[in-house]
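Secondary and tertiary structure notes
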2 protein chains.
Amino acid sequence: MQIILLSGGSGQRLWPLSNDIRSKQFIKIFNIANDQHESMLQRTLRQIRNIGENVSITVATSKKQETILKKYIDSDVKISSEPCRKNTFPSIALAASYLHDIQKISLDEIVVVCPVDPYVDDNFFVAFKQLIKHVSDEFPLALMGINPTYPSEKYGYIIPVSTEEVSKVKSFKEKPDCQTAQKYIEVGALWNGGVFAFKIKYVLDKAQKLLGCSSYSELIKKYDSFQSISFDYAIVEHEPNIKVIRYNGEWRDVGTWNTLTEVMDTNHIGKAQVDEACKNLHIVNESDLPIICMGIENAVVAASPEGILISDKVRSAYIKPFVENIHQQIRFAEKSWGSFKVIDIENNSLTIKVILAKNQRMSYQCHRNRSEIWNIIEGIGYTIIDGVKRNVKTGDIIEIPIGCKHTIVAVSDMKIIEVQIGKSINVEDKEIFEFNL
Amino acid sequence: MQIILLSGGSGQRLWPLSNDIRSKQFIKIFNIANDQHESMLQRTLRQIRNIGENVSITVATSKKQETILKKYIDSDVKISSEPCRKNTFPSIALAASYLHDIQKISLDEIVVVCPVDPYVDDNFFVAFKQLIKHVSDEFPLALMGINPTYPSEKYGYIIPVSTEEVSKVKSFKEKPDCQTAQKYIEVGALWNGGVFAFKIKYVLDKAQKLLGCSSYSELIKKYDSFQSISFDYAIVEHEPNIKVIRYNGEWRDVGTWNTLTEVMDTNHIGKAQVDEACKNLHIVNESDLPIICMGIENAVVAASPEGILISDKVRSAYIKPFVENIHQQIRFAEKSWGSFKVIDIENNSLTIKVILAKNQRMSYQCHRNRSEIWNIIEGIGYTIIDGVKRNVKTGDIIEIPIGCKHTIVAVSDMKIIEVQIGKSINVEDKEIFEFNL
């Protein structure tokens, strides 16, 4: 079975732990052992492996998230990397063409598409085995519908022809009001959880028809010009012959702080003290600042190098406009090679802490408007400055004037304080060069 | 009139804005103009100046707080600096001897002692003019009692002989329970607000008797050996002839977040966004992290480089044991020469940001266990490294090996990223040398 996990998300609703390059699926929030936590992505990958079948996983994500993604996945998980964000139809089309053109998977192979972030038990993924049995020439598309537990206004509804475990789909309904949702439920409607199964050729045919191409190389080339459109709007709602299977197990959308904290196994992650008057309080502290909470109830507190959120749990769903008001550069990021964190901001300087993992390197780059100073605070490695190699170690200082090409390669794990000095410092001021070590 | 302001406080109750070297009186929290705030100390000094009389002010404080204090006071305010903390009796004795021995004030001059941090209107200080009239040979001690507004359990009570505006004191009562306090109030008792008036010679006589010396130089020399004892316990409660005058104006002890926020003129200081469901919420954000609060009521949120507090207002009075659990070095400090802030902590390195004001300098120092690197990110000045002078400017790097004597003098305002590298880095590892520029 081929599984495509859709890993997207702007990251605003779980601010300040998520940002433009770290979506919610990367936040380590689920307790797995003493003070050890796994992220939603790690949890999902682990659960899929538990199916025990011959399953091949491809994560469809944006180029921006590719480096952080690599930190969380094993080498056998493949990545379909989108040049930019274009919603789920282009994303799924690209992933399908990636499987066929790059991974040489047969056009007749069945793929299950699933968002990376539903909070479910293992049975959810076990049910995929049933789901793929219902993809046929007559029914080229099979969906897994979620048995609703309440008349939610947040989800789309699938109206089946019958209330049996497997049924033909009659119609789709967009997010209804509560009363309408109740009526849908009475006739056996299901939540649309975004789980689809189809043969690769089905989606590539649609891509050819709607996007004008279906090969991986062409899709990549034209990706930027595609309309942003969801798989539901572009494909599902126009397909007359769809099967839906009914999933009765636990399924939660943990896209807001309120819903996320409901499934957290621990109340506090990171440095935190609470008094006995705190009730139904969740704290996720990714900053190195100690937190004290006293007499706070029904709330979530989250802190990171991006900022601090203190919110009543129910209100936390309305965070988006406040996050949009914050205009600051990204303060921390995990990359495939390590991580960085902004530790000081001035008008004409920026100081960051860079952690470079053993055997990793920065790109060979130069800047037009800033000089840089590397203060090596831990580890050994070597730098290449304008083509000249130099071994470096703890305590060494490397000066990088404006326009000078530079990279650093970590021989052990390294920690560096990088001081950038210049007018109008920004991340776009970077020219990258090829360099063979 | 001589006024001695007692400026002490461990700073725990207003954590994280106060710490061991920044007590609550230095927090800029009172709005004076558009987004301009003054501290309790600045407010008190301004109010005392408003008396309009010939008033001379001495602030009694610990050596630890001396440098930050100098930032907040004009040059005509004098400082009596205690080698270490020994409660109010040694502190007042030292300040009195400082006035007589160093400032050459007559032994017959009357002094009013007052804590630096009562929140009062100007009339409080105007009343000092009445208070000093009641110091005489017969009544060597005069107190200003505060007319109680409720039967508080937090204060000591002065029981007067009569309920007239000025009365002889009958007795003192320690913090009573609420019921007992109510009874005291019914017989005209007053809160003891720690305001005393006496002639300098009175306290120096007591110092001679109780501490074995009364000269400034001897008191300084023996200060470390003195017992920690309050002026109330050591002197006031043993004095048979005391006058008390009744103060009827506003007087508040703003020593906890709850009471402090009651007198704040603005709800939010620093970067903060709140939704319309926040009620009776005060935010003081001294960090550079943006804060979002949603649906939080009757609470105080305070953030600084030391940590983050989120507390129900009433509960905030019980913060002390939680602060005592936090064992970290001081993360930021204001000094007479500028300020520093810890921006990164690792096992074998520490990175701090130093702001050095124009014409100020660091002490000429060296370290046994750490090397340092100065990254000048703003300004011009010069360094002296092992006696050699060098002009420095933005972008320059100065390496300071272990054991090397070093200082930096700011010609303009300067900002420096200082990277310390070594095993067991701590503030005690500092040898200071004389150096004449």
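Residues numbered from 1 in each chain as written. Chains lettered and ligands numbered in written order. Predicted model: local features only at pLDDT ≥ 70, side-chain atom pairs only at ≥ 80, totals over all residues. Heavy atoms only, no water.

**What to know about the overall build of chain A**
Within chain A one finds 11 helices and 30 strands. Relative to the globule expectation of 22 Å for 437 residues, the C-alpha radius of gyration of chain A, 24 Å, shows essentially globular dimensions. Each principal axis of the C-alpha distribution contributes one length, and for chain A these read about 70 × 60 × 40 Å. Relative to its full complement of 437 residues, chain A shows a buried share of 58%. For chain A, long-range pairs separated by at least 24 residues make up 66% of all intrachain contacts whose partners lie at least 6 apart in sequence. Looking at chain A as shown, the accessible area adds up to about 18500 Å², and 47% of this sits on carbon and sulfur atoms. (Helix = DSSP H or I, 4+ residues; strand = E, 2+ residues; numbered from the N terminus. Rg over C-alpha atoms; globule rule 2.2 N^0.38 Å. Buried < 20%, exposed > 50% of the residue type's maximum accessible area, 1.4 Å probe, protein only. Contact = heavy atoms within 4.5 Å. Areas by Shrake-Rupley, 256 points an atom, 1.4 Å probe, with all protein chains shown as cover.)

**Section: the nonpolar core**
Ranked by internal contacts, the top residues of the largest apolar core, which has 43 residues, are Leu5, Phe124, Phe128 and Met144 of chain B. The contact partners of Met144 of chain B, leaving out residues within four places of it in the chain, are Phe124, Ala127, Phe128, Leu131, Gly193, Val195, Val244, Ile245 and Tyr247 of chain B. Of all hydrophobic cores here, the second largest spans 42 residues; its members include Met1, Leu41, Val59 and Leu131 of chain A. (Core = buried A, V, L, I, M, F, W, Y, C linked by side-chain atoms within 4.5 Å.)

**A few points about the relation of the copies chain B and chain A**
The operation relating chain B to chain A is a screw motion whose rotation component is 179 degrees, with 0.0 Å of axial translation and a residual RMSD of 0.1 Å. The transformation just described matches what one would write down for a two-fold rotation axis. Taking C-alpha positions as reference, the residue of chain B nearest the rotation axis is Ile343 of chain B, located at 3.0 Å. The residues that chain B uses at the interface reappear at the interface of chain A in 100% of cases, marking a shared surface. (Least-squares fit on C-alpha atoms with pLDDT ≥ 70 in both.)

**Here we look at the packing of aromatic side chains**
The full count for this structure, using the stated rule, is 36 aromatic pairs over all chains. One aromatic cluster is present, built from ring pairs that chain together Phe89, Phe196, Phe198, Tyr202 and Phe231 of chain A. The residue whose ring lies beneath Arg43 of chain A is Tyr119 of chain A, and the NZ or CZ to ring-centre distance is 3.8 Å. Sitting over the face of the ring of Phe433 of chain B, Lys405 of chain B holds its NZ or CZ atom 4.4 Å from the ring centroid. (Phe/Tyr/Trp six-rings, centres within 6.5 Å; stacked < 30°, edge-to-face > 60°. Lys NZ or Arg CZ within 6 Å of the ring centre and 35° of its normal.)

**Let's talk about the pattern of salt bridges**
Scanning the model with the defined rule gives 38 salt bridges over all chains in all. Residue Arg252 of chain A pairs with Glu262 of chain A through a salt bridge whose shortest N-O separation is 2.9 Å. Taken together, the residues Arg252 of chain A in strand β13 (residues 251–253) and Glu262 of chain A in helix α10 (residues 257–262) connect sequence positions 10 residues apart. On the accessibility criterion, Arg252 of chain A (29% relative accessible area) is partly exposed. For Lys353 of chain B, the salt bridge identified is with Glu346 of chain A, shortest N-O distance 2.5 Å. On the criterion of chain membership, the pair formed by Lys353 of chain B in strand β22 (residues 349–356) and Glu346 of chain A in strand β21 (residues 338–346) is interchain, its members lying in two chains. As far as the burial class goes, Lys353 of chain B and Glu346 of chain A line up, both buried. (Salt bridge = Lys/Arg side-chain N within 4 Å of Asp/Glu carboxyl O.)

**Here we look at the state of the cysteines**
Here is the idea: a disulfide is a covalent bond, and it sits between the sulfur atoms of two cysteines. Residues and elements named next belong to chain B. As enumerated under the stated definition, the model contains 0 disulfides over all chains in all. Looking at Cys278, it has no disulfide partner, and the nearest cysteine sulfur is the one in Cys293, 5.4 Å off. Take Cys278: its relative accessible area is 14%, and that puts it in the buried class. Between Cys404, a cysteine without a disulfide, and Cys366, which holds the nearest cysteine sulfur, the sulfur-to-sulfur distance is 8.1 Å. Residue classification places Cys404 among the buried residues on the basis of a relative accessible area of 5%. (Disulfide = S-S within 2.5 Å.)

**Side note on the sheet that holds strand β14 (residues 268–269) of chain B**
Taken in spatial order, the 6 strands of this open sheet run β15(A)-β17(A)-β19(B)-β18(B)-β16(B)-β14(B), and their pairing is mixed. Each edge of the open sheet is held by one strand with a lone partner, namely β15 (272–274) of chain A together with β14 of chain B. Where β14 of chain B lies against strand β16 (residues 279–285) of chain B, 2 bridges are found, and the strand directions are parallel. The residue bridging His268 of chain B from the neighbouring strand is Ile283 of chain B, located in β16 of chain B. (Pairing = 2+ DSSP bridges.)

**What to know about empty space enclosed by the protein**
In total, this model carries 3 cavities of 30 Å³ or more according to the counting rule given. Taken as a whole, the largest cavity spans an internal volume of roughly 420 Å³. Lining the largest cavity we find 24 residues, and of these Asp288 and Ile343 of chain A together with Asp288, Leu289 and Ile343 of chain B sit closest to its centre. Every element with two or more residues in the lining of the largest cavity is listed here: β21 of chain A together with β21 (338–346) of chain B. Here the residues of the lining of the largest cavity sort into 10 nonpolar, 4 polar and 10 charged. (1 Å grid on protein atoms, 1.4 Å probe; cavity = no way out; pocket = protein on both sides within 12 Å on 5 of 7 lines; lining within 4 Å. Points joined across faces, edges and corners; volume = space filled by probe spheres on them. Nonpolar A, V, L, I, M, F, W, Y, C, P; charged D, E, K, R; others polar.)

**Here we look at the interface of chain B and chain A**
On the side of chain A, 58 residues touch chain B, which itself brings 58 residues to the contact. Summed over both partners, the interface of chain B with chain A buries about 4600 Å², with 64% contributed by carbon and sulfur atoms. Area buried by chain B at its contact with chain A is led by Ile292, Met294 and Ile310 of chain B, which between them contribute 16% of it. One can count 10 salt bridges joining chain B with chain A. Notably, a salt bridge pairs Glu346 of chain A with Lys415 of chain B, separated by 2.9 Å at the nearest N-O pair. Connecting chain B to chain A are 26 residue pairs in polar contact (both at pLDDT 80 or more). With 6 residues, the top contributor of residues to the side of chain B that touches chain A is strand β19 (residues 307–312) of chain B. Here the side of chain B that touches chain A is composed, by residue class, of 31 nonpolar, 13 polar and 14 charged. As defined by bridge partners, strand β19 (residues 307–312) of chain A adjoins strand β17 (residues 291–294) of chain B across 4 bridges and the pair is classed as parallel. From the neighbouring strand, Ser311 of chain A faces β17 of chain B, where its bridge partner is Met294 of chain B. (Buried area = accessible area lost by both parts, 1.4 Å probe. Polar contact = N/O pair within 3.5 Å; in protein donor to acceptor, adjacent residues only side chain to side chain.)

**So, the pairing of strand β4 (residues 56–62) of chain A**
Residue and element names in this part refer to chain A. Most of β4 sits out of view: 7 of its 7 residues are buried. Judged by which residues are buried, β4 turns out to be covered on both faces: Ser56, Thr58, Ala60 and Ser62 on one side and Ile57, Val59 and Thr61 on the other are all buried. Inspection of the sheet shows strand β1 (residues 2–6) paired to β4 by 5 bridges, in the parallel sense. If you follow Ile3 over to β4, its bridge partner there is Ile57. Where β4 lies against strand β5 (residues 78–82), 5 bridges are found, and the strand directions are parallel. Residue pairing in the sheet places Ala60 in a bridge with Ser80 of β5. Crossover β4 to β5 through helix α2 (residues 63–72) is right-handed. (Right-handed = clockwise from strand over helix to strand, strands pointing away.)

**Description of the sheet that holds strand β20 (residues 332–335) of chain B**
All names here are of chain B. The 6 strands are arranged β20-β21-β22-β29-β24-β27 in an open sheet whose pairing can be described as antiparallel. The open sheet is flanked by β20 and β27 (397–400), the only strands paired with a single partner. Pairwise comparison of adjacent strand axes, ignoring direction, gives a mean angle of 20 degrees for this sheet. Strand contacts of helix α2 (residues 63–72): β20 and β21, with the helix running at about 60 degrees to β20, the strand carrying the most contacts. (Axes fitted to C-alpha atoms, helices over the stretch in contact; angles between N-to-C directions.)

**As for the environment of Asn347 of chain B**
Along the polypeptide, Asn347 of chain B turns up in the loop between β21 and β22. Residues Asn347 of chain B and Ile421 of chain B, spaced 74 residues apart in sequence, show a C-alpha to C-alpha distance of 9.4 Å.

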